[in-house]
Amino acid sequence: MTTTSVPAPRTGPVDRTSDRPARGRRSLAGYAFVSGYVVLLLAFGVLPTAYAVWLALSNSRGQLVGVGNFTRTFADYRFLPALAHIGLYLVVWLSALMVMVVLLSLMLHGRMRRTSAALRFLFYLPGALAGVASVLLWLILLDPAASPVGWLLHALGWETLAQVIAPGHLPVLFMVIAFWTGAGGWIVIMYGALNTIPGEVLEAARIDGASTLQTALRIQIPMLTKWIAYMLILAFASGTQLFVEPQLVSTASWGMIPDGWSPNQLSYQYAFQAGDFNGAAAISVDLLILGLACAAVVVFRTGLFDRDEK
Amino acid sequence: MKNVRTGLIAGLGAAALLALTACGSATPPPTSTSSASVAFKPADQDAGSAITVWADATRVPGIEAYQKAHPDAKITIVTYSGDANGATDLQTKVQLFDRSGSGWPDVAFTANVNDGSWASQGKTPYAAPVNQHIIPQSTLDGFAAGANDPCTFGGNTYCLRNDLAQVVLWYNKSLMSQFGYQVPTTWEEYQALGEKVAQEHPGYVVGTAGDAWAAEVYFWASQCPASTATGDKQVTVNLRDPKCTRMAGLLDNLIAKGSVAKDTVFSANFIKNTAGKVLMLPGPSWYGQTLFNSTFKTPAGQIAAAAPLKFASDTTTTTGNVGGGLWFVSAHSRNLQASADLVTWMTTSTDYQATAGTYPADKQAAVAWLANQKETGYFANDVGPVFQAAAGQVWPGWAATQYSQEAIYASTVVPALNAGKTITETLDSWQTAISNKAKSLGYTVNQ
């Protein structure tokens, strides 16, 4: 279940002088363009979500049980630790993402015009690898005996994989993996967003004597707010749904990470180890609500969906 | 913007209303579970129908050999992970098939010895009770004593064991004679030798406690009641029992001295730095070829197996077990005859099992397998008598459960060891971890 927020499809700008048939044709074309996506969204987004909500509110016999599944899963001994794990991870991951992505794209945009295309490609490259494959790569990188950066791990005092993936290190390790696989795409997007800032504005700032730092803080970052908000919503949603990283590292270490480390893993345990699809659905609905709540806060605070014309 | 908000509130209100109109319990009692008294009702049979077999890549050549020997058999082979290394693919898929009402494989192989615990449960268990007119009793009697214990629930046999993983004492014969040591026969002698090794030959090891299956190698052999079944979905977990603490103390002592490693034998670090310094290693029968020969690349003629160790105060020798595959026949199969025939052949055929990688659970097949091992000339002694005796010495007080003892040990004890704690200090949190996990899967836990 993903909680991607979809901006309402817009039809083209309305030309008030045009005649009616042309307008009808245009909106028809618009519907035609979004129809394919809408069908897929219904089949693989909306319907499964509705089914999950139904499962979360009922029991294995199809009777409505209210919030029974929610209180039951909340009382599970793994639930609060899983939330704590993911909370810590989100704090580290979101702050790293916000600071580093904005910083790197500003630097690429301002100072490294000549090398920027190559660097953007390099940043993006890890993201082009399939998610699982890149986590597998990290399994090798994190093992001091096999890693090409083993000297660094040894310098930190870690001699074995077991020491590297000690429980206290996990949120930061997963952040590093997630940053490496996911940040490149956002840097490319932010770079694109920076290009939309009119050159005259930046030139005016320069003529007024603004330093690079001032330009960044007073002009570029404020004008990027909506993009940063958009990144925040998606990163928060995908962050709460962390699954592949703990699951694979756990498998590779013969189970050194508990199988219910993240809420999404716990949901998986409910469904496929205990055969309790209702409990699993309740946890996934928890994550949906979390994602929606975060999206709502960010959207209302930043006016993400406000139209430019006032 | 206002409309969005009103809509949101209305939606939340509707959801809350729906949520509050509850009329059932969130955990309804299961409609029925498997029990010995319920006779097995097969699906409608179709003698000529094709069967689907799920197996891991290792087993596929065997199935192909069966097809060659039985040209009339119509078999579709599906290769999957085989639930190796803690994967749960079979259970995951069966749960989904149970929901959709079709798709179950007629025959399935799993490398997870615990899989019988869920496959025998539920409204319609996935596994057919093969002892009920599907596989003759004479065939079942041909298996080593206790080999089918992980398949036995409520008096029925829900699977056939493919291979045994009885724990023996592996040792490096060349190193032992070079150092002038005697192979120990009791845990007390083992501990004394471990202390001596730590002093005389630092760096050499006599065991490892960092493997996920260390609990099964040491604590199972020590008769520690960490997973003792006392009834249908009832377990006793008592790690404060003297039979657990004696082993924890022994290991803690040798870990502190340095002759028992905290690493796992399959880690890159162990293979690189310690594999050549393994003097002794209590471990399953598959360590011989899989670990020493294929992973450590220890040259032929060095590695030998000795009988499992016992505590001097115990009257009989008991040992542990680390894994061993299972073959299921689906209760939903429309061709039980063909499915049963394949499963019987795969587990008991001396031609096929003789060439298998692991020790066969069927006694006849095991004899053929051992003869084949002798021919390879890899081992420094005849492992046959040791393996055969140990096969019957696996302590029956350690039951297959729906949860993995290995995963619990790996996520509870191993990180603690690496953080500098002792196993004895970790017993309480280990106990809690097992009880919690068992309860979450509907087990009743006694202490």
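J.: Any chance you could explain the sheet that holds strand β12 (residues 280-284) of chain B here in plain terms?
T.: Pairing between the strands of a sheet is mediated by backbone hydrogen bonds and can be parallel or antiparallel. Residues and elements named next belong to chain B. Read from one edge of the open sheet, three strands run β12-β7-β13, paired in antiparallel fashion. On the outer flanks of this sheet lie β12 and β13 (303-306), each paired with one strand and no other. In this sheet, adjacent strand axes meet at a mean angle of 35 degrees when their direction is disregarded. Bridge count between strand β7 (residues 167-172) and β12: five bridges; the pairing is antiparallel. Across the sheet, residue Val-167 finds its bridge partner in β12, namely Pro-284.

J.: Which parts of the structure should I look at to understand the sheet that holds strand β2 (residues 75-79) of chain B?
T.: Residue and element names in this part refer to chain B. Strand order in the open sheet made by the five strands is β2-β1-β3-β14-β6, with mixed pairing throughout. Here the strands that pair on one side only, and so sit at the sheet edges, are β2 and β6 (160-161). The sheet contact formed by strand β3 (residues 107-110) and strand β14 (residues 326-329) spans four bridges and is antiparallel. Within β14, the residue paired with Thr-110 across the bridge is Leu-326. Packing against the sheet, helix α12 (residues 336-348) makes contact with β1 (51-55), β3, β6 and β14, and its axis sits at approximately 170 degrees to β14.

J.: So what exactly am I meant to see when it comes to the domain arrangement of chain B here?
T.: Interface size is often expressed as the accessible area that is lost when the parts come together. Residue and element names in this part refer to chain B. Here chain B is partitioned into domain 1 (51-164 + 323-376) and domain 2 (167-320 + 403-446). Placing the centre of domain 1 and that of domain 2 at their C-alpha centroids yields a distance of 28 Å. In this assembly, eight residues from domain 1 lie in contact with nine residues from domain 2. Its residues assigned to classes, the side of domain 1 that touches domain 2 comprises two nonpolar, six polar and no charged.

J.: What should I look at first to understand the interface of chain B and chain A in this one?
T.: Each side of the interface is counted separately: chain B has 36 residues, and chain A has 37 residues. Those elements giving two or more residues to the side of chain B that touches chain A turn out to be α1 (2-20), α3 (89-100), α10 (268-273), α16 (405-418) and α17 (423-440) of chain B. With seven residues, α16(B) is the single largest residue contributor to the side of chain B that touches chain A. A per-class count over the side of chain B that touches chain A returns 15 nonpolar, 18 polar and three charged.

J.: Whenever I open this one, helix α8 (residues 170-195) of chain A confuses me. Can you help?
T.: The α-helix advances 3.6 residues per turn, and as a result positions three or four apart in sequence lie on the same side. For α8(A), built from 26 residues, the straight-helix expectation of 38 Å at 1.5 Å per residue is met to within 8% by its first-to-last C-alpha distance of 37 Å. Of all the bends found along α8(A), the most pronounced is centred on A:Gly182 and spans about 45 degrees.

J.: Honestly, unusual backbone geometry in this entry has me stumped. Any pointers?
T.: Comment: phi is negative for the bulk of residues other than glycine, and the bulk of peptide bonds are trans. All names here are of chain B. Of note, His-133 is a non-glycine position whose phi angle comes to about 60 degrees, a positive value. Assignment of secondary structure puts His-133 in the loop between α4 (116-119) and α5 (137-141). In this model, Lys-297 sits at a positive phi of 55 degrees, which is unusual for a non-glycine residue. Relative to the helices and strands, Lys-297 resides in the loop between α11 (287-295) and β13. Residue classification places Lys-297 among the exposed residues on the basis of 10 C-beta atoms within 10 Å.

Conventions and cut-offs
Residues numbered from 1 in each chain as written. Chains lettered and ligands numbered in written order. Predicted model: local features only at pLDDT ≥ 70, side-chain atom pairs only at ≥ 80, totals over all residues. Pairing = 2+ DSSP bridges. Helix = DSSP H or I, 4+ residues; strand = E, 2+ residues; numbered from the N terminus. Axes fitted to C-alpha atoms, helices over the stretch in contact; angles between N-to-C directions. Contact = placed C-beta atoms within 7 Å. Domains from an automatic or database assignment. Nonpolar A, V, L, I, M, F, W, Y, C, P; charged D, E, K, R; others polar. Expected span 1.5 Å × (residues − 1). Bend = angle between axes of the 7 residues up to and from the residue. Buried ≥ 20, exposed ≤ 12 C-beta atoms within 10 Å, placed from the backbone.

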